[in-house]
Amino acid sequence: MVSIVTCTNRNKQMNNVFHNYAHQKWEKKELIVVLNGDDMNVEKWKKRARQLPHVKVYQLPSQKTLGECLNFAVTKSTYDIIAKFDDDDYYSPYYIPQAMSVFQGKKADIVGKKRVFTYFQQYQKLGIRKSPLPIVGPTIMFRKKVFNQVQFPKRNEGEDYGFLYKAAKRFKIHTTNSSNFVYIRSTETSHTWQISNEKLMKRCSNLKKTNNYIPLVTQSIQTNKDISSIE
């Protein structure tokens, strides 16, 4: 069973947050949404949440850091596996099944992706980027026993690095291949990571022009046989 946690301070990402959760091909799941901002329309989010099963929406003050919001979300979760979803990226319907095959097959404590598809909306280009981190922040999934020893640091940037740096010393990290997730880049100002799109694009390989990346990144995970295709 999986608890998906998402923290956001952007009302415009509501549709994306709920869509990423709703289309996951995993029956036993829940979504914990934390609105990080005094100006967030919590009632609007709760109204939308009532259209889906097993969704909880909370609101924390603007002065709370992203790390604190993530820690709060985990404390409100029900299940043993925690999946950190960012509010503006794309998670295919097979994202959770792919990661869960590793949790089940390798008895992993932490699962994520080191190589990720990256899509530049401004240029309509899709590439693959290899992260210097053990796994990319938006793809972190972990057992709750990890959180009992390691929490996200109280910061708005680099909270994923701080979490992984400590967790890697105590727990083994497994990775899945690059399929079923896309890191979306729009304008630089809309992202916590303030790197230019041009500079980030230079870190990507296999760049190709496309206005529909979904069929290019989706890999069906349906049987135990599919575990062999995971890195």
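Shown above is the structure to which this text applies.
Below is a short write-up of the structure.

**Re helix 2 (residues 42-49)**
Taken residue by residue, helix 2 has Val 42, Trp 45 and Ala 49 as its buried positions. Viewed along the axis of helix 2, the buried residues span an arc of 65 degrees, placing them on a single side of the element. Opposite its buried face, helix 2 presents the exposed residues Lys 44 and Lys 47, each directed more than 90 degrees away. On its buried face, helix 2 sits against strand 1 (2-8), helix 1 (14-22), strand 2 (29-36) and strand 3 (55-60).

**What about the sheet that holds strand 10 (residues 173-176)?**
Read from one edge to the other, the open sheet built from 7 strands follows the order 3-2-1-4-9-6-10, with strand pairing classed as mixed. Either end of the sheet is taken by a strand with one partner, and the two such strands are strand 3 and strand 10. Each strand of the sheet is rotated relative to its neighbour by a mean of 20 degrees, with strand direction disregarded. Across 3 bridges, the pairing between strand 4 (residues 81-84) and strand 9 (residues 141-143) is antiparallel. Along strand 9, the bridge assignment pairs Ile 82 with Phe 142.

**A word on the pattern of salt bridges**
Enumeration over the complete set of coordinates arrives at 5 salt bridges. One salt bridge connects Asp 87 with Arg 10, and the closest N-O pair in it is separated by 2.6 Å. Linking Asp 87 in the loop between strand 4 and strand 5 (90-91) with Arg 10 in the loop between strand 1 and helix 1, this pair joins segments that are 77 residues apart in sequence. On the basis of relative accessible area, Asp 87 is assigned to the buried category, the value being 5%. The partner of Arg 143 in a salt bridge is Asp 80, with the nearest N and O atoms 3.3 Å apart. Here the residue Arg 143 occupies a position in strand 9, and Asp 80 occupies one in the loop between helix 3 (66-75) and strand 4, the gap between them amounting to 63 residues.

**Description of the packing of helix 1 against helix 2**
One can describe the packing of helix 1 onto helix 2 by two numbers: an axis separation of 11 Å at closest approach and a directional angle of 30 degrees. Taken together, helix 1 and helix 2 sit at an angle that is classed as roughly parallel. Remark: the crossing between helix 1 and helix 2 carries right-handed chirality. Between helix 1, through Met 14, Asn 15, Val 17 and Phe 18, and helix 2, the contact on the second element is made entirely by Lys 44, Trp 45, Arg 48 and Ala 49.

**Re the nonpolar core**
Counting residues in each nonpolar core, the largest one holds 36 residues, and the members touching the most others are Trp 45, Ile 96 and Met 141. Among the elements that take part in this core, helix 4 (residues 95-106) stands out by supplying 6 residues, more than any other. Counting 22 residues, the second largest nonpolar core, distinct from the first, contains Ala 73, Ile 110, Phe 163 and Leu 164.

**With respect to unusual backbone geometry**
A positive phi is found at Asn 180, a non-glycine position, where the angle reads about 75 degrees. Along the chain, Asn 180 falls in the loop between strand 10 and strand 11 (181-185). Positive phi outside glycine occurs at Asn 206, with the angle close to 55 degrees. Take Asn 206: it is sitting in strand 12 (residues 204-209).

Thresholds applied
- Residues numbered from 1 in each chain as written.
- Predicted model: local features only at pLDDT ≥ 70, side-chain atom pairs only at ≥ 80, totals over all residues.
- Heavy atoms only, no water.
- Buried < 20%, exposed > 50% of the residue type's maximum accessible area, 1.4 Å probe, protein only.
- Helix = DSSP H or I, 4+ residues; strand = E, 2+ residues; numbered from the N terminus.
- Arc of directions from axis to C-beta.
- Contact = heavy atoms within 4.5 Å.
- Pairing = 2+ DSSP bridges.
- Axes fitted to C-alpha atoms, helices over the stretch in contact; angles between N-to-C directions.
- Salt bridge = Lys/Arg side-chain N within 4 Å of Asp/Glu carboxyl O.
- Parallel < 35°, antiparallel > 145°, perpendicular 65-115°, else oblique.
- Left-handed = near helix turned anticlockwise from the far one by under 90°.
- Core = buried A, V, L, I, M, F, W, Y, C linked by side-chain atoms within 4.5 Å.

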